[in-house]
Amino acid sequence: MSRYLIDTYRSLEVYTPGEQPRDMQYVKLNTNESPYPPSPAVIAAASGEAGRLQLYSDPTCAALRDVIAGLYGVERENVYASNGSDDILNFAFMAFAGRGGRAYFPDITYGFYKVFGDLHGVDYTEIPLEDDFTVDPAKYHGKDGLIVIANPNAPTGLALSVDAIEGILKTNPDHVVVVDEAYVDFGADSCVKLVSKYPNLLVCQTFSKSRSMAGARLGFAIADAGLIADLDRIRYSTNPYNVNRMTMAAGAAAIGDNDYYMQNCRKIEATREAAAERLRALGFTVIPSKANFLFAKSDRVDGETLYLELKKRGVLVRHFTAERIRDYDRITVGTPEQMDILIQKISEILGD
Ligand SMILES: *Cc1c(COP(=O)(O)O)cnc(C)c1O
């Protein structure tokens, strides 16, 4: 830190992204990327736009919003496109909580919520998950501020039903409920169908996980036109060209190839279930996951040791140091071949 940084940001605890190491080729199961490449049409669309990079991108993102709206059965005014869904979450904390405003989210969830809360001076409360790591929806009924729920939750992979979320929406008509559906395509039920009924619902999704575009940075929100307009006020006050030309074209092409991506999701789900079985056979406790990762612990090796030993052997997983989950590792579901390597290395570490 320099001596010029203002006090507000000196004590900020920043988000720690998963490692993106360059030292060697790892079997990379640590940041929930897709193991499958973008479709050929996406690569062609991005390359095609590269020759027009001298021009600014469309600040209204109209073409992309239209294809997203078409896929989800809403109108353009209900769709917001952003530079990764992290941007939407950031803006939601700004727009719907802000300095001194309140926010509620689980104690174990996506680590960025806390960071956005701190960044914007929000008075947030972390509501403890139940002992089995589930979210008790009743604990979010009738709150006095912004509610943020990742569904499925990260890093547990557990999902709430649409009915459970609807209960939260109904009992908080004066506050926005953000449902972060970063992992919804891997088998959970989406709340997009509730958007027409609840003007306080903001559903966020991302192209980073199920649509193999983590490196392109593209997220979107679906909500009542009023909430989309609110996010746009912030976007037009920070960076109206937040989605670049190549990403915008790639995103539209990915929606055009939706079947390819949904097939990949089905493959990943099958790989997930097979890997969960094999981990359980090795004595692991594995939380039932509706996401593209498994959250697992062994009583024979602690979470940190397993992470370090796997790393030595060329396999990267994610370990979190928070008290309640330090025994666990979060393992991204890769290809079947990558999961074979994972299981083989774990067996080696356990001495089986
Ligand atoms: C990965 C992730 C995001 C953000 O993804 P972007 O790459 O910024 O679109 C948001 N929420 C959760 C829970 C995630 O895991």
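Residues numbered from 1 in each chain as written. Predicted model: local features only at pLDDT ≥ 70, side-chain atom pairs only at ≥ 80, totals over all residues. Heavy atoms only, no water.

Novice: So what exactly am I meant to see when it comes to unusual backbone geometry here?
Specialist: Glycine aside, negative phi is the norm for most residues, and most peptide bonds take the trans geometry. Going from Asn151 to Pro152, the amide bond is cis rather than trans, its omega being 0°. Secondary-structure assignment places Pro152 in the loop between strand 5 (146-150) and helix 6 (162-170). In this structure, Asn32 takes a positive phi of about 60° despite not being glycine. Summarising the element assignment, Asn32 is placed in the loop between strand 1 (27-28) and helix 2 (40-50). On the basis of relative accessibility, which here comes to 0%, the residue Asn32 falls in the buried class. Even without a glycine there, the phi angle at Cys61 is positive, about 50°. As for its position among the elements, Cys61 is in the loop between helix 2 and helix 3 (62-72). Judged by its relative accessible area of 1%, Cys61 falls in the buried class. (Helix = DSSP H or I, 4+ residues; strand = E, 2+ residues; numbered from the N terminus. Buried < 20%, exposed > 50% of the residue type's maximum accessible area, 1.4 Å probe, protein only.)

Novice: I would appreciate a short explanation of the sheet that holds strand 10 (residues 293-297) in the present structure.
Specialist: Strands in a sheet are paired, the pairing made by backbone hydrogen bonds, and the direction either parallel or antiparallel. In spatial order, the strands read 9-10-12; together these 3 strands make up an open sheet with antiparallel pairing. Since the sheet does not close on itself, it has two edges, and those belong to strand 9 (285-286) and strand 12 (328-332), each with one partner. Direction of pairing for strand 9 relative to strand 10: antiparallel, over a ladder of 2 bridges. Its bridge partner being in strand 10, Val286 is matched across the sheet by Ala296. Here helix 9 (residues 258-281) sits on the sheet and contacts strand 9, strand 10 and strand 12; the angle it forms with strand 10, its principal contact strand, is near 10°. (Pairing = 2+ DSSP bridges. Contact = heavy atoms within 4.5 Å. Axes fitted to C-alpha atoms, helices over the stretch in contact; angles between N-to-C directions.)

Novice: Explain the pairing of strand 3 (residues 102-106) to me, please; I cannot follow it from the model alone.
Specialist: The side chains of a regular strand alternate, residue by residue, between the two faces of the sheet. In terms of residue burial, strand 3 counts as a mostly covered element, since 4 of its 5 residues are buried. Judged from the 5 bridges that link them, strand 3 and strand 4 (residues 123-127) form a sheet pairing that is parallel. Each bridged residue has a counterpart across the sheet, and for Pro106 the counterpart in strand 4 is Ile127. Assessed by its sense of winding, the connection that carries the chain from strand 3 through helix 5 (residues 112-119) to strand 4 is right-handed. Judged from the 2 bridges that link them, strand 3 and strand 5 form a sheet pairing that is parallel. Within the sheet, the bridge partner assigned to Tyr104 lies in strand 5 and is Ile147. (Right-handed = clockwise from strand over helix to strand, strands pointing away.)

Novice: Explanation requested: the domain arrangement of the chain in the structure shown.
Specialist: Note on interface size: it is often stated as the accessible area lost on association of the parts. Per the domain assignment, the segments making up the chain are domain 1 (7-37 + 259-350) and domain 2 (40-257). Tallying the contact residues gives 34 residues for domain 1 and 36 residues for domain 2. Approximately 2,800 Å² of surface area, both sides summed, lies buried where domain 1 meets domain 2, with 66% of it carried by carbon and sulfur atoms. At the boundary of domain 1 and domain 2, one finds 1 salt bridge. Note that Arg324 is salt-bridged to Asp107, the shortest N-O span being 2.9 Å. Across the domain 1-domain 2 interface, the total number found is 12 residue pairs in polar contact (both at pLDDT 80 or more). (Domains from an automatic or database assignment. Buried area = accessible area lost by both parts, 1.4 Å probe. Salt bridge = Lys/Arg side-chain N within 4 Å of Asp/Glu carboxyl O. Polar contact = N/O pair within 3.5 Å; in protein donor to acceptor, adjacent residues only side chain to side chain.)

Novice: Whenever I open this one, the sheet that holds strand 2 (residues 79-82) confuses me. Can you help?
Specialist: A sheet is described by the order of its strands in space; here 7 strands give the open sequence 2-8-7-6-5-3-4, paired in mixed fashion. The outermost strands of the open sheet, each flanked by one partner alone, are strand 2 and strand 4. Averaged over all adjacent pairs, the angle separating strand axes in this sheet is 20°, with direction ignored. Where helix 5 meets the sheet, its contacts fall on strand 3, strand 4, strand 5 and strand 6 (177-180), and the angle it forms with strand 4 comes to roughly 160°. On the sheet, helix 7 (residues 225-235) packs against strand 2, strand 7 (201-206) and strand 8 (219-223) and is oriented at approximately 30° with respect to strand 2.

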